[in-house]
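Spelled out from the first residue to the last, the chains are:
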Amino acid sequence: MARGKLRIYLGAAPGVGKTYAMLSEAHRRVERGTDCVVAFVEHHDRPRTEVMLHGLEQVPRKELEHRGSVFTEMDVDAVLERAPAVALVDELAHTNVPGSRNEKRWQDVEELLAAGIDVVSTVNIQHLESLGDVVESITGVRQRETVPDEVVRRADQIELVDMSPQALRRRMAHGNVYKSDKVDAALSNYFRPGNLTALRELALLWVADRVDEYLTEYRSEHRVSKIWGSRERIVVGLTGGPEGRTLIRRGARLAEKGAGGEVMAVYIARSDGLTSASPKELAVQRTLVEDLGGTFHHVVGDDIPASLLDFARGVNATQIVLGSSRRKTWQYVFGPGVGATVARESGPDLDVHIVTHEEVAKGRGLPVARGARLGRSRIIWGWLVGVLGPVVLALLLNTVDLGLANDMLLFLTVTVAAALLGGLYPALASAAFGTLLLNYYYTPPLHRLTIADPKNIVAIAIFVGVAVSVASVVDLAARRTHQAARLRAESEILSFLAGSVLRGETSLEALLERVRETFSMESVALLERESDVDPWTCAGSVGPEPSVRPEDADVDMPVGDHMALALSGRVLPASDRRVLAAFAAQAAVVLDRQRLQHEAAQAKELAEGNRIRTALLAAVSHDLRTPLAGIKAAVSSLRSEDVEWSEEDRAELLEGIEDGADRLDHLVGNLLDMSRLQTGTVTPLIREIDLDEVVPMALGGVPEDSVELEIPESLPMVAVDAGLLERAVANLVENAVKYSPADERVLVSASAIADRVEVRVVDRGPGVPDEAKDRIFAPFQRYGDAPRGAGVGLGLAVARGFAEAMTGTLNAEDTPGGGLTMVLTVRAVDRRPDLATTPSGAERQVPC
């Protein structure tokens, strides 16, 4: 019997509509005449899903008793006896009740498939066994019900049921997923936008991986060699020409094909010849690659293909994108070009893309120099022409008589060729060797190293002079070309440094990384010391094992009397030290700027403290006076001998005194706390405690029936300062009660999310618009039309300051249905996944 086919509807989270989609598919198959039955579908009391069951044949479930309760499970024997063409089986990861035929539902499905029955099932991405740890780190919930990945991977068809986090949260808010009494808790915990977005990404990536497996099988069967890459790091080689924009865009498209793709554009400036790079065009290309999310790099290298490959391997690149050569056809006689050389030497670890563009074969704007000055290969050719050329020419001239004048011109031509190729010394050798051959073979008397006619002496002297002159000019031009190239590269680097100054770039590490990259060093460190006898200290470094003393480095560049730039990796020629000196000076400037900014930040803090103190004095003038006036009036009344106060009146006056004293105590406490925060004198004593030891104590300042407390006993312990946490929660609760309607209680709940614990203070008040959510945490801010007697606006500022002092966070969110939720997050220290609370239905009861 042929094995049945498995189709799975995969969802990113509960409630996206997997079961509904499966039932819709069943109706379509029934309409086409397919024998389709419902083996097990759980509608979770959702009206729309329950309606979809109408018209479909349902196999009766099997009832099992466990621990005094009766549960229903899929009756595998009944389905096998019914033997339909297609069976619908919901919740593939479900764990069966003890006493069932199999432990897991996916094992039941395997029996149906083995019997030749096609199965349509559903599963959520969080139930895949390999993703358990990832899902737990995202949501803080450990999924106990899982299904092996291989079971899902073997499915003949996987269909992703997708929904945006916002749409799913709207469905939940409308009551289409959970009942109304569970919606708020679900939206605030498991179904938060961040959690849903992360789960959605997991589902998309998992399905994309499955699609890639299908494509791999197809390519293998059909012998397709083209491979799609993912998570690539792509290096785009730029020449400074107009084709660079095309190459950058092509590299960006390649990076977009895989998750996490990165584009790195690199321009390699020759240090040995002029190039056609346009500074303006390079600036445009830098902006373009940065706009596309990539990075731009400038490297100096003598050998462009080797420098490009070294850079690519240094950044662990997987692909290189180069443009087709702009050289004309005849220029290929000088070599294969950069693209062909890089492709030949890239090896199996790098893919090289040669991209066509509109500038192909149109030539370069400026001549391209070759080699260090003249280049080693060019000098070798010069020596070969200078030594062997006269010999070959003499052998040819022995077969024909052209006359002494023509013979001398031909030998002069060989000497000029040697000068053009190899410079001064090959030309001098050619001139000397050619003179001897002319004297011996073609100047009377023949075959003797003597000259009979004085005119021939003059001719040979002119020949030698012209040869030496041409060789000197060629050598001088080569040296000037090399100097011009060096100056061009130096000017580009100095232009970059000047631009960084104008742009106000202050990252010392970025500048040192630029130094390391430009000079191909292993590490770079900026060292300084107070005096000549003090030890060196490192102000900043990049690369492995930076030097700790200038004398330990391969290259050191002093910056003033007590600062030096130390480079390790290789010894630099003297010609590079001028550019290095500019980098060193810039590094010193950047370091000074960073310190000035730090001092400016400290001055700003002092100014802010002064502003706070001024505001404190202004606040004291009214907010302290009001309760003091009330207390004084009540005390004066009680001490008055002219009035006989009843017990009720005396109690009321005493209550007024107590209320005023409490207001003063609260106000002064907040003022002192804010002063401590502003001066940086808050030093938390962090220890491990349980939330239920602290949070209830923070509710003493509000009416007893105004707060509902939900702190599960299974929460992990938290690392906090108990006093600061109590003070922060008390301020949050007091603020929530102040703005909550009289008939609505404030909810204080806590939950564990990954390695942190969140305390949520939920009110049903008017709420705060998004643009004001950060502003309400500033000192002396009171939202809306709060009266002066409502306080000086320090409660939330103090609460956030205390939270941050404990390395926690405090943020404001909208309460579903209206109101404001304060979320205080602290670090958990003792997580217990098996006891962690889960949202209603997140495990077995999760609706699919």
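You'll find the structure just up there.
Along its length, the protein carries 23 helices and 24 strands. Expressed as a percentage of the 848 residues in the protein, the buried residues total 45%. Accessible surface computed for the protein: about 43000 Å², of which carbon and sulfur atoms make up 54%.

By the secondary structure assignment, Val 59 is in the loop between strand S3 (57-58) and strand S4 (62-66). C-alpha of Val 59 to C-alpha of Arg 82: the two residues are 23 residues apart in sequence and 8.3 Å apart in space. Aside from chain neighbours lying at most four places away, what touches Val 59 is Val 37, Val 38, Ala 39, Ala 78 and Val 79.

Our focus in this paragraph is the nonpolar core. Residues Leu 88, Leu 92, Leu 112, Val 147 and Trp 206 are the most contacted members of the largest nonpolar core, which totals 60 residues. The dominant element in this core, judged by the number of residues it contributes, is helix H9 (residues 193-222), at six residues. Contacts of Trp 206, omitting those with residues within four sequence positions, involve Leu 10, Ile 125, Leu 128, Leu 131, Asp 149, Val 152, Arg 153 and Ile 158. Core analysis: the second largest hydrophobic core is formed by 44 residues, Leu 715, Ala 736, Val 759 and Phe 777 among them.

Within the secondary structure, Ser 568 is located in strand S17 (residues 563-568). Look past the residues within four positions of Ser 568 in its chain and what remains in contact with it is Met 521, Glu 522, Ser 523, Ser 547, Ala 553 and Asp 554.

Here the focus is helix H10 (residues 244-256). Given a rise of 1.5 Å per residue, 13 residues ought to cover 18 Å, and the 18 Å separating the end C-alpha atoms of H10 matches this to within 8%. Every buried residue of H10 is listed here: Gly 244, Leu 247, Ile 248, Gly 251, Ala 252, Leu 254 and Ala 255. Axial view of H10: buried residues confined to an arc of 160°, hence all on one face.

The next thing to look at is the packing of helix H22 (residues 722-739) against helix H23 (residues 795-805). A pair of packed helices is captured by two measures, namely the crossing angle of their axes and the spacing between those axes. Their axes nearest at 9 Å, the elements H22 and H23 cross at an angle of 150°. Relative to H23, the element H22 is oriented roughly antiparallel. As H22 packs across H23, the resulting crossing turns out to be left-handed. Side by side, H22 and H23 meet where Leu 724, Arg 727, Ala 728, Asn 731, Leu 732 and Asn 735 of the first sit next to Gly 795, Leu 796, Val 798, Ala 799 and Phe 802 of the second.

With that settled, the discussion passes to the environment of Arg 233. Secondary-structure assignment places Arg 233 in strand S9 (residues 233-238). Of the residues examined, Arg 233 reaches a relative accessible area of 28% and is grouped as partly exposed. Residues Arg 233 and Leu 254, spaced 21 residues apart in sequence, show a C-alpha to C-alpha distance of 9.3 Å.

Applying the stated criterion across every chain yields a total of 23 salt bridges. Note that Arg 3 and Glu 110 form a salt bridge whose closest N and O atoms lie 2.9 Å from each other. With Arg 3 in the segment before strand S1 (6-11) and Glu 110 in helix H4 (residues 105-114), this residue pair connects regions lying 107 residues apart in the sequence. By relative accessible area, which is 46% here, Arg 3 ends up partly exposed. Judged by its relative accessible area of 18%, Glu 110 falls in the buried class. The shortest N-O distance in the salt bridge between Glu 25 and Arg 28 comes to 2.7 Å. Of this pair, Glu 25 and Arg 28 both sit in helix H1 (residues 18-31), three residues apart, which is roughly one turn of that helix. Each of Arg 7, Glu 25, Arg 28, Arg 29 and Glu 159 takes part in a single network of salt bridges with overlapping partners.

A cluster of like negative charges, contributed by Glu 647, Glu 648, Asp 649, Glu 652, Glu 655, Glu 658, Asp 659, Asp 662 and Asp 665, occupies part of the molecular surface. Mapped onto the secondary structure, Glu 652 falls in helix H20 (residues 647-679). For Glu 652, a relative accessible area of 55% corresponds to the exposed category.

Another point: the sheet that holds strand S8 (residues 157-161). Pairing within the open sheet is parallel, and its six strands lie in the order S3-S2-S6-S7-S1-S8. Edge positions in the open sheet fall to S3 and S8, since each of these has one partner strand only. Across two bridges, strand S2 (residues 36-40) lies against S3 in parallel orientation. Directly across from Val 38, in S3, lies its bridge partner Gln 58.

Let us look at unusual backbone geometry. Its identity as a non-glycine residue notwithstanding, Arg 67 has a phi of 55°, on the positive side. By the secondary structure assignment, Arg 67 is in the loop between S4 and strand S5 (69-73). A relative accessible area of 79% means that Arg 67 is categorised as exposed. Despite not being glycine, Glu 91 shows a phi value in the positive range, around 55°. By the secondary structure assignment, Glu 91 is in the loop between strand S6 (86-89) and H4. A relative accessible area of 9% means that Glu 91 is categorised as buried.

Right, let's talk about the sheet that holds strand S16 (residues 555-558) for a bit. Strand pairing in a sheet relies on backbone hydrogen bonds. The paired strands run either parallel or antiparallel. Read from one edge of the open sheet, four strands run S15-S14-S17-S16, paired in antiparallel fashion. Strand pairing shows two members of the sheet lacking a second neighbour, strand S15 (537-542) and S16, which therefore form its edges. Taking each pair of neighbouring strands and ignoring which way they run, the sheet shows an average axis angle of 20°. Pairing of strand S14 (residues 523-528) with S15 involves five bridges; the strand directions are antiparallel. The partner of Ala 525 across the bridge, within S15, is Ser 541. Sitting on the sheet, helix H18 (residues 508-518) touches S14, S15 and S17, and the angle it makes with S15 is about 65°.

Here is what the cut-offs are and how they apply
Residues numbered from 1 in each chain as written. Predicted model: local features only at pLDDT ≥ 70, side-chain atom pairs only at ≥ 80, totals over all residues. Heavy atoms only, no water. Helix = DSSP H or I, 4+ residues; strand = E, 2+ residues; numbered from the N terminus. Buried < 20%, exposed > 50% of the residue type's maximum accessible area, 1.4 Å probe, protein only. Areas by Shrake-Rupley, 256 points an atom, 1.4 Å probe, with all protein chains shown as cover. Contact = heavy atoms within 4.5 Å. Core = buried A, V, L, I, M, F, W, Y, C linked by side-chain atoms within 4.5 Å. Expected span 1.5 Å × (residues − 1). Arc of directions from axis to C-beta. Axes fitted to C-alpha atoms, helices over the stretch in contact; angles between N-to-C directions. Parallel < 35°, antiparallel > 145°, perpendicular 65-115°, else oblique. Left-handed = near helix turned anticlockwise from the far one by under 90°. Salt bridge = Lys/Arg side-chain N within 4 Å of Asp/Glu carboxyl O. Patch = residues over 30% accessible without salt bridge, like charges linked within 9 Å, V, L, I, M, F, W, Y side chains within 5 Å. Lys, Arg positive; Asp, Glu negative; His and termini not counted. Charge placed at Lys NZ, Arg CZ, Asp CG, Glu CD. Pairing = 2+ DSSP bridges.

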